[in-house]
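In case you want the letters, here they are:
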Amino acid sequence: MIPNGTLTLSADPAGIALAADLLRQGLLVAIPTETVYGLGGDARNGEAVANIYAAKGRPSFNPLIAHVASTEAARRFVTWSDNAEALAAAFWPGPLTLVLPLRPDHGISSLVTAGLETLAVRVPAHPAARALLSEFDGPVAAPSANPSGQISPTTAAHVLSGLNGRIAAVLDDGPCGVGLESTIVGLSGEPALLRPGGVALEQIEAVLGTQLHHHLPGDALSAPGQLQSHYAPDAPVRLDASTAQGDEVLLGFGPVDCDLNLSAKGDLSEAAANLFAALHSLNDTGRPIAVTPIPDHGLGAAINDRLRRAAAPRNS
Ligand code: TXA
Ligand code: MG
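Residues numbered from 1 in each chain as written. Chains lettered and ligands numbered in written order. Predicted model: local features only at pLDDT ≥ 70, side-chain atom pairs only at ≥ 80, totals over all residues. Heavy atoms only, no water.

Quick look at the packing of helix H9 (residues 268-284) against helix H10 (residues 299-311)
Here is step 1: The interhelical angle for the contact between H9 and H10, taken along N-to-C directions, is 25°, at an axis separation of 9 Å. Between H9 and H10, the crossing angle belongs to the class labelled roughly parallel. Both H9 and H10 take part in a crossing whose hand is left-handed. Residues Leu-268, Ser-269, Ala-271, Ala-272, Leu-275 and Phe-276 of H9 touch H10, and the partners they reach there are Leu-299, Gly-300, Ile-303, Arg-306 and Leu-307.
Here is step 2: Here the contact of H9 with H10 is composed, by residue class, of eight nonpolar, two polar and one charged. (Axes fitted to C-alpha atoms, helices over the stretch in contact; angles between N-to-C directions. Helix = DSSP H or I, 4+ residues; strand = E, 2+ residues; numbered from the N terminus. Parallel < 35°, antiparallel > 145°, perpendicular 65-115°, else oblique. Left-handed = near helix turned anticlockwise from the far one by under 90°. Contact = heavy atoms within 4.5 Å. Nonpolar A, V, L, I, M, F, W, Y, C, P; charged D, E, K, R; others polar.)

Side note on the nonpolar core
Here is step 1: Residues Trp-80, Leu-87, Trp-92, Leu-96, Leu-98, Leu-119 and Ile-204 are the most contacted members of the largest nonpolar core, which totals 46 residues.
Here is step 2: For this core, the secondary-structure elements that each account for two or more residues are helix H2 (46-56), helix H3 (71-75), helix H4 (82-91), strand S5 (96-101), strand S6 (118-122), helix H7 (156-163) and helix H8 (201-208).
Here is step 3: Once residues within four sequence positions are removed from consideration, Leu-96 is found in contact with Leu-87, Phe-91, Val-121, Arg-122, Ser-182, Thr-183, Val-185, Val-199 and Ile-204.
Here is step 4: In terms of nonpolar packing, the next biggest core, distinct from the first, is built from 25 residues, Ile-151, Tyr-231, Leu-275 and Phe-276 among them. (Core = buried A, V, L, I, M, F, W, Y, C linked by side-chain atoms within 4.5 Å. Buried < 20%, exposed > 50% of the residue type's maximum accessible area, 1.4 Å probe, protein only.)

Topic: the pairing of strand S9 (residues 183-186)
Here is step 1: The side-chain alternation of S9 yields two buried faces, one formed by Thr-183 and Val-185 and the other by Ile-184 and Gly-186.
Here is step 2: Inspection of the sheet shows S5 paired to S9 by four bridges, in the parallel sense. Opposite Leu-98, over in S9, you have Val-185 as the bridge partner.
Here is step 3: Across three bridges, the pairing between S9 and strand S10 (residues 192-195) is antiparallel. Its bridge partner being in S10, Ile-184 is matched across the sheet by Arg-195.
Here is step 4: Counting the residues in the hairpin turn of S9 and S10 gives five residues. (Pairing = 2+ DSSP bridges.)

Observations concerning unusual backbone geometry
Here is step 1: With omega at -10°, the peptide bond leading from Trp-92 into Pro-93 counts as cis.
Here is step 2: Of note, Pro-93 is situated in the loop between H4 and S5.
Here is step 3: The backbone of Ala-114 sits at a positive phi, close to 55°, despite the residue not being glycine.
Here is step 4: Within the secondary structure, Ala-114 is located in the loop between helix H5 (110-113) and S6.
Here is step 5: The residue Asp-137 is not glycine, and still its phi comes out positive at about 60°.
Here is step 6: Note on placement: Asp-137 falls in the loop between helix H6 (127-136) and strand S7 (140-141).

Considering the packing of aromatic side chains
Here is step 1: Applying the stated rule across the entire model yields one aromatic pair.
Here is step 2: Ring plane angle 40° and centroid distance 6.0 Å describe the contact between Trp-80 and Trp-92, whose orientation is recorded as tilted. Of this pair, Trp-80 sits in the loop between H3 and H4 while Trp-92 sits in the loop between H4 and S5, and the two are 12 residues apart along the sequence.
Here is step 3: Note on Trp-92: relative accessible area 9%, which makes it buried. (Phe/Tyr/Trp six-rings, centres within 6.5 Å; stacked < 30°, edge-to-face > 60°.)

Topic: the sheet that holds strand S15 (residues 289-291)
Here is step 1: Taken in spatial order, the four strands make up an open sheet running S12-S15-S13-S14, and their pairing is parallel. Sheet topology places strand S12 (237-238) and strand S14 (260-261) at the edges, where each strand pairs with a single neighbour.
Here is step 2: Pairing of strand S13 (residues 249-252) with S14 involves two bridges; the strand directions are parallel. Opposite Leu-251, over in S14, you have Leu-260 as the bridge partner.
Here is step 3: Contacts from H9 reach S13, S14 and S15 within the one sheet, and its direction differs from that of S13 by about 170°.

Brief notes about the domain arrangement of the protein
Here is step 1: The domain architecture assigned to the protein consists of domain 1 (7-214) and domain 2 (237-311).
Here is step 2: Using only C-alpha atoms to locate each centre, domain 1 and domain 2 end up separated by 26 Å.
Here is step 3: For the pairing of domain 1 and domain 2, the buried interface totals around 1,300 Å² over both sides, and the portion due to carbon and sulfur atoms is 64%.
Here is step 4: Of all residues in domain 1, Ile-151, Leu-180 and Pro-196 give up the largest surface area on contact with domain 2, accounting jointly for 43% of the area buried on that side.
Here is step 5: Our enumeration of links across domain 1 and domain 2 arrives at one salt bridge. (Domains from an automatic or database assignment. Buried area = accessible area lost by both parts, 1.4 Å probe. Salt bridge = Lys/Arg side-chain N within 4 Å of Asp/Glu carboxyl O.)

This is the structure in structure tokens:
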């Protein structure tokens, strides 16, 4: 435990300088990104990375994403390719993670890759994350800043509700704009979708001029550690509902009568940005949750992926 609890830092130059200093000391700092808050530690420091796993209670077979300030910084750690260049040019900085072969002398802790020969890298777009990464001037390993298996955090308050006292600080810069984790594309073999997320599949395929292979949870080649049950509220979640039954609270999309609406005007980007905060607040009611159908195109595919896992039978 952190003796005096977790510090809340503002995303101003002083807060960012202190956050970079804590990272240099091998301590953990939760950082805002455009997708969700990440639980950051120096990706080259094995002890810091081990503490990320410990703070989250995460199974150690699940590798982490290394966050860097720029494409040039990413290229120091992984073997680059034409597809990587095309996707980075189109979507970085932004909610896209690329999995590429590690370069020799990469210096990344093997706890980040969980022993794989590939590394997941991402250049986030959030101004505070970018400022911190430039100030720190090194790779920051950052899974979502929530206890393993629980709902991802899109505010500093969500981070503190799960991790207060387990990490040195949280850099608070308000709610995350995209609200869903990054899309993960594997480029170490045939281009493959490893996790749907903040950049729609259709946009990625348009840039690559080819369809992606799909390796989703349950498939041996999917991103490792994508446990079926994830993003789980305490109460049961029921999908494709038209009305609430019994004690349920109804989470809606579009013009429906419900307790909480992800986007009354039926906008998938707005729904993505609201998803995790809605699950956190419905979870606080202690009642079972029912969800109305959400279209499966664009960001809807990633929203439905998260909801299916929130509704999946629990691991424990
Ligand atoms: O938006 C995001 O990606 C957020 C923010 C904080 O950047 N981070 C995030 O990290 O979602 P996390 O740890 O919750 O999810 C990382 C995913 C996992 O499913 C993991 O299996 C996959 O990335 N992954 C990491 N390294 C990999 C690799 N070398 N090969 C395949 N999948 C990998
Ligand atoms: Mg996560």
